[in-house]
Every structure is written in C-alpha cells, then in structure tokens.
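# Observations on the model geometry
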There are 2 protein chains.
Amino acid sequence: MYHKPARVYEVAFWDPASASKGIVRTGTWASCPAFIDARYPFTTLLHQGLIERSDEKENPSYPVEINLEHADGTSREIVRAKYLFGGEGARSFIREQLGIGITHKDPIAHVWGVMDGVVKTDFPDIKMKCTIHSEHGSVMVIPRENRMVRLYIQIASSTDPDWSPRKTATAAEVQASAKRIFQPYSIEWERVEWYSVYPIGQGISDKYTLDHRVFLGGDACHTHSPKAGQGMNTAFLDAQNLAWKIHAVEAGFAKRELLKTYEPERKEVAENLLSFDNKYAKLFSERPPAAKEVQAASKHANGHSEDNEFIKTFKESCEFTSGYGVAYGPNALNWSPSHPAQSHLIHPKGTKLRTGRMMANADVTRVVDANIVHLEQEIPWNGSFRIYIFAGKLSVTAKALKDLAFQLSEKPSFFGSYLRPDIKTVSHHERYNPHSLFFTICTIFAAARNEIEISRDLPGLLGRYRDLVYADDRWDRRVPNAAAAAHAKVGVDEEKGGVVVVRPDGYVGIVTSLVEGNGTINALNAYFDAFCTKRIGESRAQL
Amino acid sequence: MYHKPARVYEVAFWDPASASKGIVRTGTWASCPAFIDARYPFTTLLHQGLIERSDEKENPSYPVEINLEHADGTSREIVRAKYLFGGEGARSFIREQLGIGITHKDPIAHVWGVMDGVVKTDFPDIKMKCTIHSEHGSVMVIPRENRMVRLYIQIASSTDPDWSPRKTATAAEVQASAKRIFQPYSIEWERVEWYSVYPIGQGISDKYTLDHRVFLGGDACHTHSPKAGQGMNTAFLDAQNLAWKIHAVEAGFAKRELLKTYEPERKEVAENLLSFDNKYAKLFSERPPAAKEVQAASKHANGHSEDNEFIKTFKESCEFTSGYGVAYGPNALNWSPSHPAQSHLIHPKGTKLRTGRMMANADVTRVVDANIVHLEQEIPWNGSFRIYIFAGKLSVTAKALKDLAFQLSEKPSFFGSYLRPDIKTVSHHERYNPHSLFFTICTIFAAARNEIEISRDLPGLLGRYRDLVYADDRWDRRVPNAAAAAHAKVGVDEEKGGVVVVRPDGYVGIVTSLVEGNGTINALNAYFDAFCTKRIGESRAQL
C-alpha cells in the first residue's frame, strides 16, 4: 500500500502572550536540523493502524513452553517454541509472569485526551506540529493525512491536588478546553474521527529477558509520553535488533551469546528515550524557549561555545528523534579498542563512521544501469552483514582488491566459512547472496561510472556482485571539495580505499584499511571470530 | 497503482570492433545531460498497457454527427457530439473519412521485431539502454521492469534489395539474429514475455482538424520509429493541449478561436519529432559517434565554439526527449512582441523564462506546514491558469501586492470577470479555486519561512490561497549565489518580484514586472483580453 503521510519539517511553539491576550508563537525549529545529515530530514505522520498490518510468524519447537487455556475454559493446550517475544504493550502479561519489575524514572503521571478530526480554524500553524501552552492548559498539535489534525490535550497530572489516574473527560469537554487554549484564535470541529483518554506513566522494564529465550520489547519494556512519536519507532527497532540475531544464531552463523547483546543495546536506547522524554517534557512545561534561543539552536550547528543547556538538549533530542542518534555501546558486534580484533588497520585515522551507529548516507552511481542510488539503501534487510569495499582508485588498489577477493574465497575466512550449501545451483539472477546467506558485498570505486568495467576491474568473487558496484562520482554539498563524496563521508582514503562492515540492521560494526597482503582479511576475520560459531583462521595464502 | 519503472540515466553505444571481433562499446551519454535543468534527469520505462487504463469520456450533444452501423448489420444509430477526437492510431479511420493526407518526411520504411523477455547474458550493458551496430545487423536494448529486457531488432528496410513491408520473422529467427549481433557476448532467453513484428514508416498528418470540431491526435497524426519512446508521450501532450482548451471554451472563459491554436502548436512539435527521428536514425546508422565526441557532448554544456554538428544534434535531441524542448510559437496564449498586450512591464530585462516553454523547476518551502516542495508541481492539473506572484522582499513590494490584490478583485479585471457562481458557498478546505475555476494563485516571498506571516503579509484575496504561499529560501546548485533561488531561476528581481502566468498545461504565457499602481494588472488584463470571452477593462481604481 502507498500512503501519503503528513510531513513535519518544523515544530512551532506557542506560549501565553504577555498581557493575557491568549497565545503567541514564540518560535519554530527544525524537526531535523541541518547538522544531522539525514537522508529524509522530516518526521512522517501516519496512522499506526496503517502500519500494523503484518502478521507475526512464530518459530515452532523447543524450549519455551506456553500453556494456553481457552477463554471459555473448555480446553487447554501446550505450545512449545524456541523463543517467545512479549510485545503485548505496557501491561505485558509475559513481563508480569516473569516477575520483571518496572522502574519509573519520573514519578509524575498524566492523563491525556487525544482527538483526531477535521477542524475549521484561523490558527495559523494548524498544519504544523505545535506545542501550545496557555493559562488554560496545554495542547499538542499534530498534522495528519487527509486534512485531519490530531490534538493531544493534558487532562490531569499527578501533581494536581485532585489527581486521579482514572480521571476522564468527554469529547465536548476536551473541545471546550481546547477552545479556551487556542484563544485568540477560533477552532471548530467539522468531524471527530476518533477520541480517547488514557493515562501515561514513564517506566522502563528492569530486564528484557531472563534466559535469552523469552524476550520482551516495545511498550512492554518502555512507556513514556506520546510527544515525539517514539513509541512505535522504538518498538520496531527492538524487534529488528532481536530478529536478525535470532536468525544468525538459529542459522548456525553466530554463537548463542550474540543474543546477550539484545538487552544492553536496546535497554540503553530506552533509558535514553526516557531521559529525553523527561528533558523534553521539562523544556516545554517549565521554561518555554525564548525566540532567540530557538534561532540560535537552529543556526549554530558547529559552534560549541554558544551552546547553552537548552541548545544542547535540543540538539540531542533532534538527533534522537531523527533516528540518527541511536548509538550501541562496544561489544562483539561494535568494534572498540577492547574488542578481540586488534590491528593497526582497524578504525584508521580519518574514519568518520562510529561503530554502533548508522552507516552514513551517500548518493552514488550504480555501474550496471547508471542509476543514481542511495548507497545505504542498496542492500535490502536480508539478514546479511554488508561488506562495503570502498575501492578508492583502481590504479592504487588493484592488488589489494585482488588479494582480498582471493582471501574471501579461502575456506578459513569468515566468508569462506559460511558458504551456501546450494551454492552450485544459485540462479544467476541472485543479486545479494550468491555465495553466502550471511554476507552481501558492495564495491565502490572513486571513479566516474564510464571508467569502470566490471568484468575487467573486479577480481574473483567480487565481480559476481555486479549489481552492487558503484561509481563514487556524485557531488555532495556536505563534502563540496571531495572528488569522491561517499569515500569522504565515511572518511576512507579517496585513493587507498577501505572496508566498512555494517551489521544486518544497518549499524556500523568495524572499519578497516584496504591493504595488499593479509592485513585486511585478518582484521575482518578477527572481528567475525568474536561472535561466529566456526573458528575463523588467519589467512595463510602466499600472495 | 504504484509501479516501479526502470530508469535510464545513460545510453550506451556499441559498434563493430575494428578487427571483426564482434561488438565493442564506443561510448555512453546521458539521457538528460546536466545542461538541461530537469527535475527528473532520467527516462522511465514502463509497459504502455499499465498506463492505458483510463476510459475516454465523451461530451454528448451538438454539431458532430456520427453514423454508427453495428458490425452485424442489424441496426444503425446516430450520435451527436460537440467534438470528436480521433486518436485511433496510425490507420485512423476518422482521418481517412476526413480525407486528410499523410506526408512522409523520410520515405524509408522499416520492419521491426520487438521482443520482451528474461535473458541470461554476459553482455555488460544489458541493464542500460543501448544501440548496437554490428556487421550482422542492429539491435536496440531497452531495460524494463521485473528483470525483463526489450530488444528491438531491424528485420527489413525499404532500402534492402528484396524489401517487402510484409516481411516477417519468427521469434527463433530473431533470437538467432540477436545472438550473432551480440558476439563476442552470449545471450540466451529464459522466457519470452511478448514478441511482435511490425512495419514502421515516418509520416505526419497534413491537418489536425478541418473545422475545429473533429480533431486528430497521437499516432493518427504522426508515426515514426520507436527509438526514443516518444510516441505515447507526444500523444498525451496532444490530448492535454486540446483538453484544457475545450474546457476553457465550453466553460465560457475563452473565445472559440482558442481552439485554432491546437493544430499549429502540436503540429510543430510533431514536425520537430520527425526531424529529430530522422537525425537520430542517421546518427546511429550512418556514422557511429566516436568516443571522444560523446565525451565532449556530455561535458561541454555551455561552450559554443566546441559544438560540431554531432554535438548540436545530440543536445537538441536530449532536450527534446526530456520534454523540456517543447516550444510553442507566439500566439494569443504565448506572449511575444506582436501580442496585443503591450507594456514596458512585460517580459522585463533579466527574465529567464521563455513563453511557450515549460515553467522552471524550483524547490521552495511551503509556509503553512514548512514542507519543502516542488513549486512547479504545487498546482494540480485543474484546468486553471496559474498566477505565480513572485513577491520579492515584502518591505519593497508591500504596496504593489496590495494594489494587485485589490485590482484582481475588481469586476473588470481578468480575475474578477470570471468568479465562481457558487463563490459564497465554497468550502474553506478548497485550496486551488476558491474564487474562480479558471485561476489559481501562488505567492512566493524572497524571505525565510519564519519571516512570513500569512494573515499579516498577504493582502486581500491573496491570503485566501494560504496553502500556496511559499518562502524562496532553498539553496539551489544551479544558482549558488542567489539569495532567493526560485526568483533567480525564473529571472525576476529578488527584491521587486514579478508575476508569471503559466497556462493550464504548464507552459509560460507571460511574465510581467510587479509594480505599484495599475501597470501590472493592466498588462495581465491585456494578455487575457486577447483570448477571453468578456471584455476585460483597464483598471480604473484610485490607489
């Protein structure tokens, strides 16, 4: 299905006017300011129901036993599974059965009213995302698809003297309240599509799993305000983080210990989300930003001296809500100086990528059909590690490429150790996994497209990935003087190249230099040896 | 429906190798080189059948009488219509009935085989658009959606000694022929989706209409080779050109004479298409371009001295096939010095737009929701003239805008003369035609988005088009030093602004300065007075 979500490029802030004449706009800022190099620098708004259309598939078998009792009490059955994922929301039954507690970061709870509808108003920012404070209460405005607008209206707070989490309000009461808040502007509802009232408390699950067989994710692990639309996004990334790891383990590629990286990686994100939610809430409720601060925050992207506390928080939150702020800490997947893989070739000087963070975005020209494409989106979510070979100048790297191609195909390499059992019968149409289900290889030359001849320039097995060969010949405003913008954006040498390994979920695992001899393959072998099931040997090839 | 067409960014040329070792690539060039400022600089390839899904709607009534006889001879009926459009292809029955002849620009005719299928090949450019010449014949390669490829293979030419327009060939014969042509590369078919053989002759209809009631368009008017995929595109533009004019006449807005602009505008395009087709064919068949010529053509966009005949033809053809080359000559719609509208304000110095050509593309920020949008696509094909008010700096233009807003609403203006009869009951959701079905107004300020306040800055009726107010604050690489890139691209003063009138089909009608007093409105009134039904008076307003 092809939807047309609303797009939010900027957020507007409205506060009480000085002389109690209703509300005035005190400033706007970008959803995703220019200092974040985002492919899509805006927030999209789409009904969650339009996304929740895919069925969950369960993995039948072993160690998890679930006793199901039919609701009418007539029968019982036992289901055995390898894993169980509890993504059943804030009141998770599975979390309760596991006896896992919830920690409340911020003890303040709220009751919110949320109303979707079509309105008639002279409020000028009705198509913007807005936070409105007034002496009559607060409203959040969220533009929607199909002329609709969503309003969030705070109905009660646990700091109120008469607080009750069961406090409620009718649609008419909430509309009357909104009308007072919007003064001096008028607002009328032509149609109410949906209205609901619900209590929200900030909380984080103490554990995401006890035994690495039963896992929790989504609202079962973290609850917070709906202000930044992070609930569903964070839940998706929980599931994505776990899914490829289970696949890697069950397919015999990664050691079972890999699953232990799920909780720390995702719990830290949830902790950050809640801290952010806290700060975000305080920024809005305690101290509305002055217009000049907002302006400063939008413009001074690189200056550090000007950054006051407000600007810093703003920057952090923008990076966070854009998705570019997710940062997984060091572990077997995310190389750091304490990783078992040790080589002076790893993370060479100049590298701009950070392990545990998203791969940079870059436009390149695909050689086979001359299409201008988004390099970071060229490999689908196929469960494979993505090996990006930045090949620099062929005149410089020809031998290094040849060595690497040969060593990849050697049996003891990380690549040669995990070939497909059906490798001899794979279709010539297979683009991404002709050799291994765990790796897809891209090669990017610092050259113009018409200088590259795949059958001549790509040695050995690299040439088989002919649909994934690129010319780094597109100008990029972020690195205006670079001859090879993609090389420059990831920070590898435009002549000598380098290798970037990206995890199946899009986060950078390791970056190495591309050199002649065994150095590159051995650095990569050591990296994968930290979590792969087979003993990956050092290359013994005579080159 | 959402399709995924193949995209062609470059075309490759293959020719016989010097020592008869099969074919070699002699060069590539861009489908839409950088000297054309195209929004989408590529060609899309999609099955025509996926596009031909809309039913034609006929306009019942008067002067055209059609006598229909049922195919089984059992009955007859008479249909009366206001208009009849003959778009029934190269063998048009209507054209024949009208006794309109065909002129053949190039007497040479061809028989082509066309084959869609999935292949296995080591030919490196199978995903590129290619023209292949070899001692065994010629092939054109067209990449397609779903792994398919289309091959055009010339089966016979009227220059052959044994020429017959009824010559044919089986799929197997064509495949055998293709195999010889592709040497030294191999090609095998895994699946043939579709195969057909058809004769093609170049021809152009002598007239597009006799009485401006029965019109011809599409292949009924022009036939040519399929080389550049221009057949369907040209047919669409025939229909589009006629459709809005009929609407304007039948709705009482334009004089019936407007319909007389259809034939000259579209016939000239067809003449150009056939000349282009001729040259294009000759470029390929007579003299394959040398690699260095192709390179020169792609790189020297502005240099004139380097342009040899080949490069010139190349440039012309690229602009033509991109759609940006359509140029309608002077008439009542396309202002020129001989147009009745005469004012020193018209087409002021610096204007980069050309009347009868497409509006320039430009990114701007929409004020109501801060979305970055394509200005030239902001108004849908709604049959309205598009009034783009480039408002420059508000501090400079405030009075000129106020004057124009007032004068537009005056009864004798082109705008005030054609208000909607239901103007009082139009919904506040109506974005494009709140006042008139014949005009939609956009206002673009040379300012940052947050400096613009619609309710404060847009006088009178201009403010009603609140969804079509823009900040010209996006940097554009084509005018890197402009403070207001959209103003700079159309060539209006970044301080004083200007007004651009674009025809309902997207072609520029007239450009005027934006000045205080009556000058601007009177220039626009005189322009519309040349083809509107009502007598549009001069503004008599006291300002």
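Residues numbered from 1 in each chain as written. Chains lettered and ligands numbered in written order. Predicted model: local features only at pLDDT ≥ 70, side-chain atom pairs only at ≥ 80, totals over all residues. Heavy atoms only, no water.

Moving on: the overall build of chain A. When helices and strands are counted, chain A shows 11 helices and 23 strands. Looking at chain A as shown, the accessible area adds up to about 25,000 Å², and 51% of this sits on carbon and sulfur atoms. (Helix = DSSP H or I, 4+ residues; strand = E, 2+ residues; numbered from the N terminus. Areas by Shrake-Rupley, 256 points an atom, 1.4 Å probe, with all protein chains shown as cover.)

The second copy of the chain is related to the first by a rotation about an axis and a shift along the axis. You can overlay chain B on chain A at an RMSD of 0.1 Å; the transform is a turn of 180 degrees with a shift of 0.1 Å along its axis. Both copies of the chain, as the preceding transformation shows, are related through a two-fold rotation axis. (Least-squares fit on C-alpha atoms with pLDDT ≥ 70 in both.)

The next point concerns the sheet that holds strand β20 (residues 439-445) of chain A. Residues and elements named next belong to chain A. Pairing is mixed in the open sheet, where 7 strands are placed in the order β18-β17-β21-β20-β19-β22-β23. Since the sheet does not close on itself, it has two edges, and those belong to β18 (372-374) and β23 (508-513), each with one partner. The sheet shows a mean angle of 30 degrees between the axes of neighbouring strands, direction not considered. Where strand β19 (residues 385-392) meets strand β22 (residues 498-502), 5 bridges bridge the pair, whose relative direction is antiparallel. Looking at the pairing, arginine 386 lines up with valine 502 of β22. (Pairing = 2+ DSSP bridges. Axes fitted to C-alpha atoms, helices over the stretch in contact; angles between N-to-C directions.)

This brings us to the interface of chain B and chain A. Taken together, the contact pairs 30 residues of chain B with 30 residues of chain A. Both sides of the chain B and chain A interface together cover about 3,000 Å² of buried area, and 47% of this is carbon and sulfur. For chain B, the biggest contributors to the area lost against chain A are Tyr9, Lys127 and His429 of chain B; these three give 20% of the whole. Our count for the chain B to chain A interface comes out at 2 salt bridges. We note a salt bridge from lysine 127 of chain B to aspartate 467 of chain A, for which the minimum N-O separation is 2.4 Å. In this assembly, chain B and chain A are joined by 10 residue pairs in polar contact (both at pLDDT 80 or more). Elements with a contribution of two residues or more to the side of chain B that touches chain A: β3 (23-30) and β9 (109-121) of chain B. Among the elements that take part in the side of chain B that touches chain A, β9 of chain B stands out by supplying 3 residues, more than any other. (Contact = heavy atoms within 4.5 Å. Buried area = accessible area lost by both parts, 1.4 Å probe. Salt bridge = Lys/Arg side-chain N within 4 Å of Asp/Glu carboxyl O. Polar contact = N/O pair within 3.5 Å; in protein donor to acceptor, adjacent residues only side chain to side chain.)

Looking at the element boundaries, alanine 176 of chain A is found in helix α3 (residues 171-182). Spatially, the C-alpha atoms of alanine 176 of chain A and arginine 357 of chain A are 46 Å apart, while their sequence positions differ by 181 residues.

Residues and elements named next belong to chain A. In this sheet, β18 lies alongside strand β17 (residues 363-366) in antiparallel orientation, the contact comprising 3 bridges. Bridged to aspartate 363 within β18 is histidine 374. Of the pairings in the sheet, the one linking β17 to strand β21 (residues 469-471) comprises 2 bridges and is antiparallel in character. Across the sheet, arginine 366 pairs through a bridge with tyrosine 470, a residue of β21.

The next thing to look at is helix α4 (residues 231-250) of chain B. Compared with the 28 Å implied by 1.5 Å per residue over 20 residues, the 29 Å span of α4 of chain B between its first and last C-alpha is a close match. Every buried residue belonging to α4 of chain B is among Gly231, Thr234, Asp238, Gln240, Asn241, Leu242, Trp244, Lys245, Ile246, Ala248 and Val249 of chain B, and all of these are buried. (Expected span 1.5 Å × (residues − 1). Buried < 20%, exposed > 50% of the residue type's maximum accessible area, 1.4 Å probe, protein only.)

On to the sheet that holds strand β14 (residues 203-205) of chain A. All names here are of chain A. The sheet built from 3 strands is open, its strands ordered β8-β14-β16 with antiparallel pairing. With one partner strand each, in any of the chains shown, β8 (102-103) and β16 (222-223) form the two edges of the open sheet. By the bridge criterion, 2 bridges tie β14 to β16 in an arrangement that is antiparallel. By the bridge assignment for β16, glycine 203 is matched with threonine 223.

Take the domain arrangement of chain A next. Residue and element names in this part refer to chain A. Under the domain assignment, chain A is made up of domain 1 (6-48 + 107-201), domain 2 (56-103 + 203-286) and domain 3 (363-529). For domain 2 and domain 3, the distance between their C-alpha centroids amounts to 34 Å. In this assembly, 11 residues from domain 2 lie in contact with 12 residues from domain 3. Together domain 2 and domain 3 conceal approximately 940 Å² of surface at their shared face, both sides included; 63% is due to carbon and sulfur atoms. (Domains from an automatic or database assignment.)

Residue and element names in this part refer to chain A. Position of serine 413 relative to the elements: it lies in the loop between α8 (394-409) and β20. Owing to a relative accessible area of 2%, serine 413 belongs among the buried residues under this scheme. Not counting residues within four places of it along the chain, the set of residues in contact with serine 413 comprises Gln407, Leu408, Ile521, Asn525 and Ile536.

A separate point is the packing of aromatic side chains. Here the structure, examined in full by the defined rule, presents 53 aromatic pairs over all chains. Here tyrosine 9 of chain A and phenylalanine 42 of chain A contribute two aromatic rings whose centre-to-centre distance is 5.0 Å and whose plane-to-plane angle is 40 degrees, an arrangement assigned as tilted. Here tyrosine 9 of chain A, found in the loop between β1 (6-8) and β2 (10-16), pairs with phenylalanine 42 of chain A, found in the loop between β3 (23-30) and β4 (43-45); they are 33 residues apart in sequence, far enough to count as distant. Measuring from centroid to centroid gives 5.6 Å for phenylalanine 123 of chain B and tyrosine 185 of chain B, while their planes differ by 75 degrees, and the two rings are edge-to-face. With a gap of 62 residues between them, phenylalanine 123 of chain B in the loop between β9 and β10 (129-134) and tyrosine 185 of chain B in the loop between α3 (171-182) and β13 (187-201) connect regions that are remote in the sequence. The buried category is assigned to phenylalanine 123 of chain B, whose relative accessible area is 1%. Aromatic ring contacts, followed pair by pair, group Trp244, Phe253, Phe385, Phe414, Phe415, Tyr418, Phe438, Phe439, Tyr527, Phe528 and Phe531 of chain A into a single cluster. Seen from the ring of tyrosine 418 of chain A, lysine 534 of chain A lies directly overhead, with NZ or CZ sitting 4.9 Å from the centre. The ring of tyrosine 83 of chain B has arginine 213 of chain B lying over it, and the distance from NZ or CZ to the ring centre is 5.1 Å. (Phe/Tyr/Trp six-rings, centres within 6.5 Å; stacked < 30°, edge-to-face > 60°. Lys NZ or Arg CZ within 6 Å of the ring centre and 35° of its normal.)

A few words now on the pattern of salt bridges. Considering all chains together, one arrives at 44 salt bridges over all chains under this definition. As a salt-bridge pair, aspartate 422 of chain B and arginine 420 of chain B come within 2.8 Å of each other at their nearest N and O atoms. Using a relative accessible area of 32% as the deciding quantity, one classes aspartate 422 of chain B as partly exposed. Residue arginine 420 of chain B is classed as buried on the basis of its relative accessible area of 15%. Among the ionic contacts, a cluster of salt bridges with common partners joins Asp116, Arg144, Glu145 and Arg150 of chain A.

Residue and element names in this part refer to chain A. Of the residues in chain A, 88% reach a pLDDT of 70 or more, and the chain-wide mean stands at 86. Here residues 56-60 is a poorly scored stretch, pLDDT under 50, and it has 4 contacts once near neighbours within four places are set aside; other chains count. Below pLDDT 50 for its whole length, residues 300-305 participates in 5 contacts with residues either more than four positions away or in separate chains. The complex prediction reports pTM at 0.85, with the ipTM value standing at 0.81. (pLDDT = per-residue confidence, 0-100.)

Our next topic: unusual backbone geometry. Residue and element names in this part refer to chain A. Here the residue pair glutamine 183 and proline 184 is connected by a cis peptide bond, since its omega of 10 degrees sits within 30 degrees of zero. Note that proline 184 resides in the loop between α3 and β13 (187-201). Of note, the phi angle at alanine 370 is positive, near 65 degrees, even though the residue is not glycine. For alanine 370, the position within the fold is in the loop between β17 and β18.

Formally, a disulfide is one covalent bond, and it connects the sulfur atom of one cysteine to the sulfur atom of another. Residue and element names in this part refer to chain A. Across all of its chains, the model carries 0 disulfides over all chains by this definition. We note that cysteine 442 lacks a disulfide partner, and the nearest cysteine sulfur, in cysteine 532, lies 19 Å from it. For cysteine 442, a relative accessible area of 0% puts it in the buried group. Cysteine 532 sits in the buried class, given a relative accessible area of 1%. (Disulfide = S-S within 2.5 Å.)

All names here are of chain B. Structurally, valine 501 can be placed in strand β22 (residues 498-502). The sequence separation of valine 501 and tyrosine 388 amounts to 113 residues, and the corresponding C-alpha distance is 6.2 Å. Once residues lying within four places of it in the same chain are set aside, the contact partners of valine 501 are Phe385, Arg386, Ile387, Tyr507, Val508, Gly509, Ile510, Leu524, Tyr527 and Phe528.

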